[in-house]
Amino acid sequence: MNIFGKRLINCKEDCYMIGDKKANVSKQIMIDVVLHRIEYIILNVTKAIARGEAPVFRYANRSSWDNIRFDSAIGLEQIGEAKLTHVRFDSINSVKKFGIMVKVLSLIYKLIQEDKYCTKRDIYYQFPELFGSQSVLDSAVDNLACMLEVPRWELHVLATSKGCVAGDLQFYDAEGQYNDCQATRVGIQIPAHSKDFQSLQTNARYVLIVEKDATFQKLLLDNLCDKYGPCIMITGKGFPDMGTRMLLRALRDRFQLPMFALVDADPHGVEIMAVYKFGSKAQAAENCFLAVPEIRWLGVLPSDIQRLNLQEDTLISMTKKDMDKACELLGRPYVQSNWQLLEQIQIMIQSGKKAEIQCLDSLSSSYLCQVYIPEKLASGCWL
């Protein structure tokens, strides 16, 4: 039970499935609920001021692991009785933050009323002096989604899309424009919202998630999707944006395709793979709609470095920051519950070395596409 009486979101019910009639029915319900919740919050602010009291915003602390639990079927999720963050109007440390949250709430309310969408970047440039930096606005939007207890995309404020997709996938956007991801040499930009990838169609046998755009482009140039397909290839260009994760989850829910992650053998790469697979701590309340626990770590595995006898000059020494991140990963709940993942991180720490995907080029410029990926897929050598 919370300030709104009951939770709107049930992770066991997939009311957002693309193409499902239920999604159209629930859209208006969600709009009404979000608007009502904003009105309820502002009404409480007004009442507090009328009583001569300082209004306070409360929401789950998104930075604490104490508020998170791990479910192998869902990923990371927020616990029911989470520790709260308080943003007080009468505190010099949080009064500006309170004002920014009220301003963003008003913008969100108008967007939802008019059924329009806007990027966080566009909002920032409307009031750059108010926000000061893009990260301040980003944090405000995330905190408001947490306070309203709805997924961020229901606030009609979107992150700028950066992911790309190529291969055997076709879909329509909200304007009815047809997109064929086979007819691209550099990849099609993934829309920022699920409304823009309707009627998904594919004959792919698997999905390959690539950490870096440079590797994604190289594999496209080497015709991976044709030679070892049909497949779908996706990159979030580093840490994935919301649209990229939503597309992957839609492909998982609709087609149950095997999914494989190709990332660097370093702590950064492991964390990126984990965001796709288990979700992120900061968005724990939304992971049940975004995480894909079935994703397998195809490579580059730390154990591959020795197995492939990679030359020392192709490896990079771990920095103290790398070591600290690797040691912190060891304590994550999803690592503690997966001995294979734990072992790979321990290998990385013990060797003191990390390897980028590009290190495989030292064996051959075509090794990644023609040998490494197909052999891994054929032998089942993934985690």
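The preceding data block contains the structure.
Please read all numbers here as calculations on a predicted model, not as lab measurements. (Residues numbered from 1 in each chain as written. Predicted model: local features only at pLDDT ≥ 70, side-chain atom pairs only at ≥ 80, totals over all residues. Heavy atoms only, no water.)

Draft legend 1. Structural view of the packing of aromatic side chains. According to the stated counting rule, one finds 11 aromatic pairs in the structure shown. Measuring from ring centre to ring centre gives 5.5 Å for Phe70 and Phe278, while their planes differ by 75°; the resulting arrangement is edge-to-face. Taken together, the residues Phe70 in strand 2 (residues 68-71) and Phe278 in helix 9 (residues 267-278) connect sequence positions 208 residues apart. What makes Phe278 buried here is its relative accessible area of 5%. For the pair Tyr206 and Phe260, a centre-to-centre distance of 6.3 Å together with 70° between the ring planes defines the contact as edge-to-face. Taken together, the residues span a long stretch of sequence, with Tyr206 in strand 12 (residues 206-210) and Phe260 in strand 14 (residues 259-262) at a distance of 54 residues. Assigned by exposure class, Tyr206 and Phe260 land together as buried. Within the aromatic cluster, the residues linked to one another by ring pairs are Phe57, Phe89 and Phe98. Lying across the ring of Tyr117, Lys195 places its NZ or CZ 4.8 Å from the centre. One Lys or Arg, Arg254, reaches over the ring of Phe255 and ends 6.0 Å from the middle of that ring. (Phe/Tyr/Trp six-rings, centres within 6.5 Å; stacked < 30°, edge-to-face > 60°. Helix = DSSP H or I, 4+ residues; strand = E, 2+ residues; numbered from the N terminus. Buried < 20%, exposed > 50% of the residue type's maximum accessible area, 1.4 Å probe, protein only. Lys NZ or Arg CZ within 6 Å of the ring centre and 35° of its normal.)

Draft legend 2. Geometry of the sheet that holds strand 9 (residues 178-180). Pairing is antiparallel in the open sheet, where 3 strands are placed in the order 9-8-11. In this open sheet, the two strands that pair with only one neighbour each are strand 9 and strand 11 (198-201). When strand polarity is set aside, the average angle formed by the axes of neighbouring strands in this sheet is 10°. As judged from the 3 bridges shared by strand 8 (residues 170-172) and strand 9, these two strands associate in the antiparallel manner. The residue bridging Tyr172 from the neighbouring strand is Tyr178, located in strand 9. (Pairing = 2+ DSSP bridges. Axes fitted to C-alpha atoms, helices over the stretch in contact; angles between N-to-C directions.)

Draft legend 3. Representation of the environment of Val87 in the model. Along the chain, Val87 falls in strand 4 (residues 84-88). Taking the C-alpha atoms as reference points, Val87 and Glu312, 225 residues apart in sequence, are found 51 Å from one another. Ignoring sequence-local partners within four residues, the contact set of Val87 consists of Pro55, Val56, Phe57, Tyr59, Ser94, Lys97, Phe98 and Met101. (Contact = heavy atoms within 4.5 Å.)

Draft legend 4. Layout of the state of the cysteines. In this structure the tally under the stated criterion is 0 disulfides. We note that Cys231 lacks a disulfide partner, and the nearest cysteine sulfur, in Cys225, lies 3.7 Å from it. Free cysteine Cys369: the closest other cysteine sulfur is in Cys225, separated by 9.0 Å. When its relative accessible area of 1% is taken as the criterion, Cys369 is described as buried. (Disulfide = S-S within 2.5 Å.)

Draft legend 5. Representation of the pattern of salt bridges within the structure. Tallying each qualifying case throughout the model produces 23 salt bridges. Arg307 is the partner of Asp304 in a salt bridge, and the nearest nitrogen-oxygen pair spans 3.0 Å. Here Asp304 pairs with Arg307, and both are found in helix 11 (residues 302-307), just 3 residues apart, close to one helical turn. For Asp304, a relative accessible area of 2% corresponds to the buried category. Here the salt bridges do not stand alone but share partners, grouping Arg249, Arg252, Asp253 and Glu294 into one network. (Salt bridge = Lys/Arg side-chain N within 4 Å of Asp/Glu carboxyl O.)

Draft legend 6. Molecular detail of the sheet that holds strand 13 (residues 231-235). Strand order in this open sheet of 6 strands is 10-7-13-12-14-15, and the pairing throughout is mixed. What marks the edges here is a single partner per strand, and that holds for strand 10 (188-189) and strand 15 (296-299). Alignment of strand 12 against strand 13, held across 5 bridges, turns out to be parallel. Bridge pairing links Ile209 to Ile234 in strand 13.

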